[in-house]
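Each chain is listed here by its residues.
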Amino acid sequence: MTTNLTGFTKGAVVRHQQWTENEFSITVKADIGDYLAGQFTKLALKDENGNWLRRAYSFVNSPNHHLGKNQMEFLIIDVPDGDLSPKLAHLAIGDEIYVGEKPSGFMTLNEIPDPVSDLWLLSTGTAIGPFLSLLAENETKTRFKNLVLVHAVRTRQELVYQERIVNLQAEYNGKLIYLPIVSREKHHDILSGRIPELLQDGRLIAAVKLSANTESSFFYLCGNPAMVHDTRDMLLALGFKKHLRRSSGHFSFENYW
Ligand SMILES: Cc1cc2nc3c(=O)[nH]c(=O)nc-3n(C[C@H](O)[C@H](O)[C@H](O)COP(=O)(O)OP(=O)(O)OC[C@H]3O[C@@H](n4cnc5c(N)ncnc54)[C@H](O)[C@@H]3O)c2cc1C
Ligand SMILES: NC(=O)c1ccc[n+]([C@@H]2O[C@H](COP(=O)([O-])OP(=O)(O)OC[C@H]3O[C@@H](n4cnc5c(N)ncnc54)[C@H](OP(=O)(O)O)[C@@H]3O)[C@@H](O)[C@H]2O)c1
């Protein structure tokens with residue numbers, strides 16, 4: 001419990017978009033420090049006892065977007081029995097919110113080793129956010145030969161940001177492959193299952209029509225820690241190596257909890 005809040009600045013909600021009953025995006029305006037596409041900051045609100053609740057949230061926007069870096073978009077799920085996310089879900093336009101002044105995170109373009117030509121972005125749930133941020137960067141559009149955006153969710157209605165993804169695909173001129181996956185429904189036009197199993201049995205590779213290899217491929221994994229764990233094991237079994245700054249490899253990850 002804490003009644004002090006240092007390193008945060010006061011901002012305001014300027015947009016709220018509801019995607020499903022418990023998933024939404026908010027745009028917040030606040031004067032914060034510089035950040036890179038793929039990074040996150042913290043959002044904070046007071047609870048009923050006057051204690052600050054603070055959690056990490058990834059930027060969905062690129063810092064270079066037309067609204068400027070101080071307008072930040074976040075994709076959030078209202079976790080039942082969660083402390084902060086249900087409060088964020090109730091924010092309306094004009095409401096106050098506190099934003100961490102110093103964003104951080106290593107899931108950025110400058111952490112990807114140089115010879116990579118194919119970038120694979122594997123996400124569950126709200127973790128598609130930082131990948132949309134990365135994909136909005138001009139550098140991403142020019143630097144890579146192929147990009148694969150995988151979004152694994154429980155149900156079709158959680159396949160958010162469809163319009164933005166269609167626009168990105170047009171901007172990428174055929175280089176961006178989008179692969180939605182659902183786990184708790186069956187649809188004739190959407191792959192069904194979970195990322196690690198679909199990688200193991202070859203269905204994911206078959207669906208994107210692009211093979212991965214240790215010379216040209218790099219993977220970012222983000223979201224549910226169980227997915228990250230199982231996918232990491234799968235990639236290791238396939239001969240890929242975890243990337244470290246001191247020893248170049250083929251994948252990195254960010255766990256959301
Ligand atoms: C680097 C980083 C970036 C993050 N970015 C985002 C983001 O962009 N959007 C977002 O919604 N959350 C994000 N999170 C998670 C976020 O920080 C909070 O943990 C989440 O909002 C729940 O907070 P809470 O206080 O409501 O729940 P808590 O009381 O803290 O409950 C946590 C539990 O909620 C579940 N949970 C937490 N986050 C998620 C999630 N994203 N999807 C599904 N289940 C979840 C897990 O079961 C977890 O154990 C991020 C976390 C990290 C570490
Ligand atoms: N999504 C909803 O409809 C819904 C509704 C009400 C409340 N909630 C709450 O929201 C939170 C969950 O949000 P979420 O659905 O975005 O996140 P999630 O539970 O992380 O699910 C996202 C995707 O990750 C998959 N996944 C889970 N474990 C995995 C593993 N080991 N390997 C590979 N993939 C794995 C899930 O598959 P599986 O489906 O097979 O687990 C699902 O496709 C929970 O607190 C939940 O109670 C969600």
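Rules used throughout
Residues numbered from 1 in each chain as written. Chains lettered and ligands numbered in written order. Predicted model: local features only at pLDDT ≥ 70, side-chain atom pairs only at ≥ 80, totals over all residues. Heavy atoms only, no water. Near = heavy atom within 4 Å. Polar contact = N/O pair within 3.5 Å; in protein donor to acceptor, adjacent residues only side chain to side chain. Areas by Shrake-Rupley, 256 points an atom, 1.4 Å probe, with all protein chains shown as cover. Helix = DSSP H or I, 4+ residues; strand = E, 2+ residues; numbered from the N terminus. Pairing = 2+ DSSP bridges. Axes fitted to C-alpha atoms, helices over the stretch in contact; angles between N-to-C directions. Domains from an automatic or database assignment. Buried area = accessible area lost by both parts, 1.4 Å probe. Salt bridge = Lys/Arg side-chain N within 4 Å of Asp/Glu carboxyl O. Buried < 20%, exposed > 50% of the residue type's maximum accessible area, 1.4 Å probe, protein only. Contact = heavy atoms within 4.5 Å.

**Q** Any chance you could break down the site of ligand 1 for me, citing the residues and the numbers?
**A** Every one of the 19 residues lining ligand 1 counts as a neighbour, but Ala56, Tyr57, Leu75, Leu84 and Ser85 are closest to it. The side chain of Arg55 places a nitrogen or oxygen atom 2.8 Å from an oxygen atom of ligand 1. A distance of 2.6 Å is found between an oxygen atom of ligand 1 and a side-chain nitrogen or oxygen belonging to Ser85. Here ligand 1 loses 76% of its free accessible area of 870 Å² to cover by the protein chains. Where the shell around ligand 1 is concerned, the elements lending two or more residues are strand E4 (52-58), strand E5 (71-77), helix H1 (85-89) and strand E12 (251-255). Sorting elements by how many residues they give to the shell around ligand 1 places E4 first, with 4 residues.

**Q** Account for the sheet that holds E5, with residues named and values stated.
**A** Strand order in this open sheet of 6 strands is E4-E3-E6-E1-E2-E5, and the pairing throughout is antiparallel. At either end of the open sheet lies a strand with only one pairing partner, and these are E4 and E5. On average, each strand axis in the sheet is tilted by 40 degrees relative to the strand beside it, whichever way the strands run. Bridge count for strand E3 (residues 40-46) against strand E6 (residues 96-100) is 2 bridges, and the pairing is antiparallel. Note that in E6 the partner of Leu43 across the bridge is Val99.

**Q** If you had to explain the domain arrangement of the protein to someone new, which residues and values would you point to?
**A** In terms of domains, the protein is made up of domain 1 (8-100) and domain 2 (109-255). For domain 1 and domain 2, the distance between their C-alpha centroids amounts to 24 Å. Together, the buried faces of domain 1 and domain 2 total about 1400 Å²; carbon and sulfur atoms form 55% of this surface. On the domain 1 side of the contact with domain 2, Trp19, Val60 and Leu75 bury the most area, a combined 33% of that side's loss. For the pair domain 1 and domain 2, the interface holds 1 salt bridge. Here Glu73 ties to Arg164 by a salt bridge, and the two come within 3.1 Å at their closest N and O atoms. Joining domain 1 to domain 2, the criterion identifies 8 residue pairs in polar contact (both at pLDDT 80 or more).

**Q** Can you break down the pattern of salt bridges residue by residue, with the values?
**A** When the charged atoms of two side chains lie near each other, side chains of opposite charge can form a pair. Evaluated as defined, the whole model comprises 10 salt bridges. Note that Arg55 and Asp83 form a salt bridge whose closest N and O atoms lie 3.3 Å from each other. Residue Arg55 is found in strand E4, and its partner Asp83 is found in the loop between E5 and H1; the two are separated by 28 residues along the sequence. Since its relative accessible area comes to 45%, Asp83 is described here as partly exposed. The salt bridge involving Glu111 is made with Arg245; its shortest N-O contact spans 2.3 Å. Pair noted here: Glu111 is in the loop between E6 and strand E7 (118-124) and Arg245 is in the loop between helix H7 (225-237) and E12, with a separation of 134 residues, a long-range link. Since its relative accessible area comes to 13%, Glu111 is described here as buried.

**Q** With reference to specific residues and values, describe the sheet that holds E7.
**A** Taken in spatial order, the 6 strands make up an open sheet running E10-E9-E8-E7-E11-E12, and their pairing is parallel. Of all strands in the sheet, those bounded by a partner on one side alone are strand E10 (191-192) and E12. One ladder, built from 5 bridges, connects strand E11 (residues 217-223) with E12; its direction is parallel. The partner of Phe219 across the bridge, within E12, is Phe251. Against the sheet, helix H2 (residues 128-135) makes contact with E7, strand E8 (146-153), strand E9 (176-182) and E11, and its axis sits at roughly 150 degrees relative to E7, the strand it touches most.

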